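Now for the letters of each chain:
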Amino acid sequence: MTTVVVQSGSCGYTVTITAERGEKGTIAVNLETDCEMVKKMQEDVGKLDRLVPLTGIVTNPVYRSAGRHLKHAACPVPAGILKAVEVEAGLNVSKDARITFVVPS
């Protein structure tokens, strides 16, 4: 099982994403959060094909779900879901990703 924690930033929500290999090349995804918008994505992304991280953004089921349920296009949760799936599927290694703001001095 792969677990990813996304701290979304100014909204204050944290999302714990778990991904676990299933049958026939599927990955079961679970989203734990207090964010109502992300909770609505659960039905769409609860079971994904292991190759979803290699799917283009426009046709990607995770980003399509985000487009239906999330108000903020900059939300990092969809990327976190895809990172969890790709690691669980053996398509990448578990390495932290980061967005850092640089404040001018």
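Since we're looking at a predicted model, the values are computed, not measured.

A. Highlighting the sheet that holds strand 1 (residues 2-7). Strands sit in the order 1-2-3-4 across an open sheet of four strands; the sheet is antiparallel. For this open sheet the edge positions go to strand 1 and strand 4 (47-49), each flanked by a neighbour on one side alone. The mean angle between the axes of side-by-side strands here comes to 25 degrees, regardless of whether they run parallel or antiparallel. Inspection of the sheet shows strand 3 (residues 26-32) paired to strand 4 by three bridges, in the antiparallel sense.

B. Structural detail: the pattern of salt bridges. Tallying each qualifying case throughout the model produces four salt bridges. Between Glu 88 and Arg 21 there is a salt bridge; the shortest N-O distance is 3.9 Å. On the criterion of sequence distance, the pair formed by Glu 88 in helix 3 (residues 77-88) and Arg 21 in strand 2 (residues 14-21) is long-range, its members being 67 residues apart.

C. How the structure looks around the environment of Asn 30. Note on placement: Asn 30 falls in strand 3. In the structure, Asn 30 is positioned 15 residues away from Val 15 in sequence and 9.9 Å away in space, judged by C-alpha atoms. Setting aside residues up to four positions removed in sequence, Asn 30 forms contacts with Thr 16, Ile 17, Thr 18 and Gln 42.

D. View of the pairing of strand 3. Looking at chain direction, strand 2 and strand 3 are connected through six bridges and run antiparallel. Residue Thr 16 lies in a different strand from strand 3, and its bridge partner there is Glu 32.

E. Representation of the packing of helix 2 (residues 61-69) against helix 3 in the model. Running from N to C, helix 2 and helix 3 cross one another at 155 degrees; their axes reach a closest spacing of 10 Å. Classed by the angle they form, the pair helix 2 and helix 3 counts as roughly antiparallel. By crossing handedness, the relation of helix 2 to helix 3 is classed as right-handed. Of the residues in helix 3, those in contact with Val 62, Tyr 63 and Ala 66 of helix 2 are Pro 78, Ala 79, Ile 81 and Leu 82. Residue classes in the contact of helix 2 with helix 3 are distributed as seven nonpolar, no polar and no charged.

F. Geometry of the environment of Ala 84. Mapped onto the secondary structure, Ala 84 falls in helix 3. By relative accessible area, which is 1% here, Ala 84 ends up buried. Linking Ala 84 and Leu 48, residues 36 residues apart in sequence, is a C-alpha distance of 11 Å. Non-local contacts of Ala 84, meaning those with residues more than four positions away in its chain, are made with Thr 2, Val 4, Ile 17 and Ala 19.

G. Structural detail: the packing of helix 1 (residues 36-45) against helix 2. Across the interface, helix 1 lies against helix 2 with an axial gap of 9 Å and an inter-helix angle of 140 degrees. As judged from the angle between their axes, helix 1 and helix 2 are oblique. Note on packing geometry: the crossing formed by helix 1 with helix 2 is right-handed. Contacts from Met 37, Lys 40, Met 41, Asp 44 and Val 45 of helix 1 reach helix 2 at Val 62, Ser 65, Ala 66, Arg 68 and His 69. Per-class residue counts for the contact of helix 1 with helix 2 are five nonpolar, two polar and three charged.

Reading the values: the criteria
- Residues numbered from 1 in each chain as written.
- Predicted model: local features only at pLDDT ≥ 70, side-chain atom pairs only at ≥ 80, totals over all residues.
- Heavy atoms only, no water.
- Pairing = 2+ DSSP bridges.
- Helix = DSSP H or I, 4+ residues; strand = E, 2+ residues; numbered from the N terminus.
- Axes fitted to C-alpha atoms, helices over the stretch in contact; angles between N-to-C directions.
- Salt bridge = Lys/Arg side-chain N within 4 Å of Asp/Glu carboxyl O.
- Contact = heavy atoms within 4.5 Å.
- Parallel < 35°, antiparallel > 145°, perpendicular 65-115°, else oblique.
- Left-handed = near helix turned anticlockwise from the far one by under 90°.
- Nonpolar A, V, L, I, M, F, W, Y, C, P; charged D, E, K, R; others polar.
- Buried < 20%, exposed > 50% of the residue type's maximum accessible area, 1.4 Å probe, protein only.

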